[in-house]
Each structure stands twice: as structure tokens, then as C-alpha cells.
Amino acid sequence: MSFIKTLAASLLVLIHFSAVAAQEKISADLRVHLLGTGSPLPATLRFGPSILVEAGQQKFIFDAGRGPIQRLHTLGIPFAEADKLFLTHLHSDHTIGIPDLYLTGWLRGRKVPLKVWGPAGTRHMMEHMVKSFDYDIKIRLDQNAGSKVETTEFTEGVVYQKDDVTITAFEVDHGPVKPAFGFRIDYKGRSVILSGDTRYSESLVKHAKGVDLLVHEVAAGSDELMRTSPMVRNVVGIHTEPEMAGKVFLETAPRMAVYSHIVLFGVSEAQLEQRTRKTYAGPLTIGEDLMTFEIGEQIKVSTTKASE
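Since the model is a prediction, treat every value here as computed from it, not as a measurement.

All right, on to the packing of helix H9 (residues 242-252) against helix H10 (residues 269-276) then. Here H9 crosses H10 at 50 degrees, and the two axes come no closer than 7 Å. Relative to H10, H9 is oriented oblique. Between H9 and H10 lies a crossing of right-handed hand. For the pair formed by H9 and H10, the contact residues are Pro242, Glu243, Gly246 and Phe249 on the first element and Leu272, Arg275 and Thr276 on the second. Residue classes in the contact of H9 with H10 are distributed as 3 nonpolar, 2 polar and 2 charged.

Next up, the structure:
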């Protein structure tokens, strides 16, 4: 009888750990890849702002600055699966990679339209982009739906909901750029906030409280440049300085805070962290291109080496 009790207890332990492992696998099915973490400058270490979110089998790209198709290639993401694009706003450093994503994605396997969600003006931009490549599209032999674009313009609220994924857009403060949005992605009890371009935003703080991963933009200038350069003051003035970003992180208490779309003028990354630490002492990662966050019971961080 004692043998049977021991065997039963062992089976219960095995079932428990199997359930925990299964739950961890489900939870870790939310992954965030930083495709580009840089500024409008054509740098090779930091491409233009772009983020890929994988939720189960679904893939979503947020913004398409310079180089997302190259980063997808390095990550081994099939171009045919990169068919959903969400835009925070229409500044060129967030949209200049769209033609490559659209055309190369089609020519390398995408057989459905590129689906684009964006603020007012997105449909006009996409229609004219397709027209501008009309000659190239018509001479291709493999004519299919992949050469099409489907555009949805949105305002605040839920903009996508399917298979346990909910994407919510909220308006942020990017100075004269109106509208500009951030996004919250929810999937099976896990959550991610992407700030988009913004100054300190009460709307963002409201949507980001207790989030698993908060990916936030940041801009900073040295004291001298902020004093002597109107251009630097103007750029930094419509973004979030590190001390204020730290305030956002403190007020929202994410499991992990991450910097992306990093715009620095005479400020090092070490100084960026030091300035953030004036107002925030929690978990902080200064993002890099091809950095991946797997969001489960733990948040696992890894970086893929860029390929030729």
C-alpha cells in the first residue's frame, strides 16, 4: 500500500510540474523583437525605429523605419508572415522602410495584401506609395494579392482583436505631430506597451500601469548642446528626456522597462542610464537592434548577432 501511495504522490508531483511547464510555454509565447532602436540618422548599428511582436502564431510589426526587412531576415522570420503593420504616426523615420517591407515581402513569399493600420493620412500615403511602384508591380510575373495593400485608419481604442490578441491604441503627446499614438498589446494575461514618439504622457501612464514590458522612446542632449543648439532643443522638446522617462517607469511599475528609438546628442549610453536612475531604480534595459524579450514567468532577454 505504501508503494502505491508513493507512486501516486510522484505522479501528482509530475503532473504539477508538467502543468507549470505548459503554463510557462503558453506565457512565453509573447515575444518582442527590437528590429530598429535608432534615430533618423542612417546608422548601421541602430536601424530606424521598428518593433516586431509575436503573440502565438501571429506577428505584428510596429513602425517601419530604415531596415526592418534586413532585421527580419537576420531573425529568420519568413517575409510571408510579416503582413501586419501598425504605425504610431507618419514621420518619415517611422515609415521609410515600408516600401521595402511591402515589395520585398511580396516578392519573397507574401501572397496576401500587406495590412496597414495607422492614423489619419495613412490611406493617402499607402495609396500613393502603391501607385509610385506601379511600373515595377505590373512587370512582375507572379501577380497575386501580395501586391495589394489594405489600410485601416484608427482613432483611440481597440484596433485589433483576434485569437487572444488585443491591440489598443492610445493618443500620446508628440508636440505638433497630431495624432500620434502608442500601443498596448495584450495576449493571454501578458502585456506590452510601445510608447511611440511622445513627451511625458498621462494617457500612456494610465494604459501602462503594471504592464509586463514597457518599451519607451528617449531623447537627450548634453547641457552645452541644449544651451547652444536650437535644433537639439527642438528635437528633445518633442520627445521624453531620461529623467522624465524614469518618472514614467516609476509611476507604471513595469516588470521591465526598455529604451528604444534612442536619440542622443552628446550623451553616452552610460550617461543615459545615470540620468534615468535619478528618478527610477527598477529594472531597465537599454535596447539594442535584434534584442528579443520572451515574456513568461520570467522575462528572458537575448540578442541575435547581425548577419551579412
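Looking now at helix H4 (residues 122-132). Of the positions making up H4, those classed as buried are Thr122, Met126 and Met129. End-on view of H4: buried residues confined to an arc of 60 degrees, all on one side of the axis. For H4, the exposed residues set more than 90 degrees away from the buried face come down to His124, Lys131 and Ser132. In this fold, the buried residues of H4 make contact with helix H3 (98-107), strand S5 (114-118) and strand S6 (149-153).

Restricting attention to buried positions, one finds in H9 the residues Pro242, Ala245, Gly246, Val248, Phe249 and Thr252. Buried residues along H9 cover an arc of 155 degrees about the axis, so they all sit on one side. Packed against the buried residues of H9 are helix H6 (202-208), strand S11 (213-221), strand S12 (256-265), H10 and strand S13 (284-286). Where H9 ends, the next residue or the one after it, Ala253, has phi of about 50 degrees, a positive value.

A separate point is the sheet that holds strand S14 (residues 291-295). Read across the open sheet, the 8 strands follow the order S6-S5-S4-S3-S2-S1-S14-S15; overall the sheet is mixed. If you trace the sheet from one side to the other, it starts and ends with S6 and strand S15 (299-303), each paired once. Across the sheet, the mean angle separating the axes of adjacent strands is 20 degrees when strand polarity is ignored. In this sheet, strand S2 (residues 50-55) lies alongside strand S1 (residues 30-36) in antiparallel orientation, the contact comprising 6 bridges. Bridge pairing in S2 links Val32 to Val53. The strands that helix H2 (residues 68-75) touches are S1, S2, strand S3 (58-62) and S14; relative to S1, the one it contacts most, it runs at about 130 degrees. This element, H4, spans S5 and S6 of the sheet and lies at about 165 degrees to S6.

In this model, Lys178 is joined to Pro179 through a cis peptide bond whose omega is -5 degrees. Tracing the backbone through its elements, the reader meets Pro179 in the loop between strand S8 (165-171) and strand S9 (181-187). Within the chain, Leu290 stands out as a residue other than glycine whose phi angle is a positive 70 degrees. Relative to the helices and strands, Leu290 resides in the loop between S13 and S14.

This part covers the packing of aromatic side chains. If you walk through the whole model with that rule in mind, you get 12 aromatic pairs. Consider the rings of Phe86 and Tyr160, whose centres lie 6.3 Å apart with planes at 90 degrees: the pair is edge-to-face. A residue pair is termed long-range when its members are at least 10 positions apart, and Phe86 in strand S4 (residues 84-86) and Tyr160 in strand S7 (residues 157-162) qualify at 74 residues. Side by side, Phe86 and Tyr160 carry an identical accessibility label, which is buried. Members of the aromatic cluster, each reached through a chain of ring pairs, are Phe60, Phe62, Phe86, Trp117, Phe154, Tyr160, Phe181 and Phe183. Taking NZ or CZ as reference, Arg71 lies 3.6 Å from the ring centre of Phe47, over its face.

When you line up the elements, Asp197 lands in the loop between strand S10 (190-194) and H6. Although Asp197 lies buried, it forms no salt bridge, and the closest oppositely charged side chain, Arg199, sits 11 Å away as judged by the N-O distance. Reaching out from Asp197, the side chain makes a polar contact with the side chain of His89 at a distance of 3.4 Å. At 3.3 Å, the side chain of Asp197 forms a polar contact with the side chain of His174.

Cut-off values and rules
Residues numbered from 1 in each chain as written. Predicted model: local features only at pLDDT ≥ 70, side-chain atom pairs only at ≥ 80, totals over all residues. Heavy atoms only, no water. Axes fitted to C-alpha atoms, helices over the stretch in contact; angles between N-to-C directions. Helix = DSSP H or I, 4+ residues; strand = E, 2+ residues; numbered from the N terminus. Parallel < 35°, antiparallel > 145°, perpendicular 65-115°, else oblique. Left-handed = near helix turned anticlockwise from the far one by under 90°. Contact = heavy atoms within 4.5 Å. Nonpolar A, V, L, I, M, F, W, Y, C, P; charged D, E, K, R; others polar. Buried < 20%, exposed > 50% of the residue type's maximum accessible area, 1.4 Å probe, protein only. Arc of directions from axis to C-beta. Pairing = 2+ DSSP bridges. Phe/Tyr/Trp six-rings, centres within 6.5 Å; stacked < 30°, edge-to-face > 60°. Lys NZ or Arg CZ within 6 Å of the ring centre and 35° of its normal. Lys, Arg positive; Asp, Glu negative; His and termini not counted. Salt bridge = Lys/Arg side-chain N within 4 Å of Asp/Glu carboxyl O. Polar contact = N/O pair within 3.5 Å; in protein donor to acceptor, adjacent residues only side chain to side chain.

The values are spatial; any link to function lies outside them.
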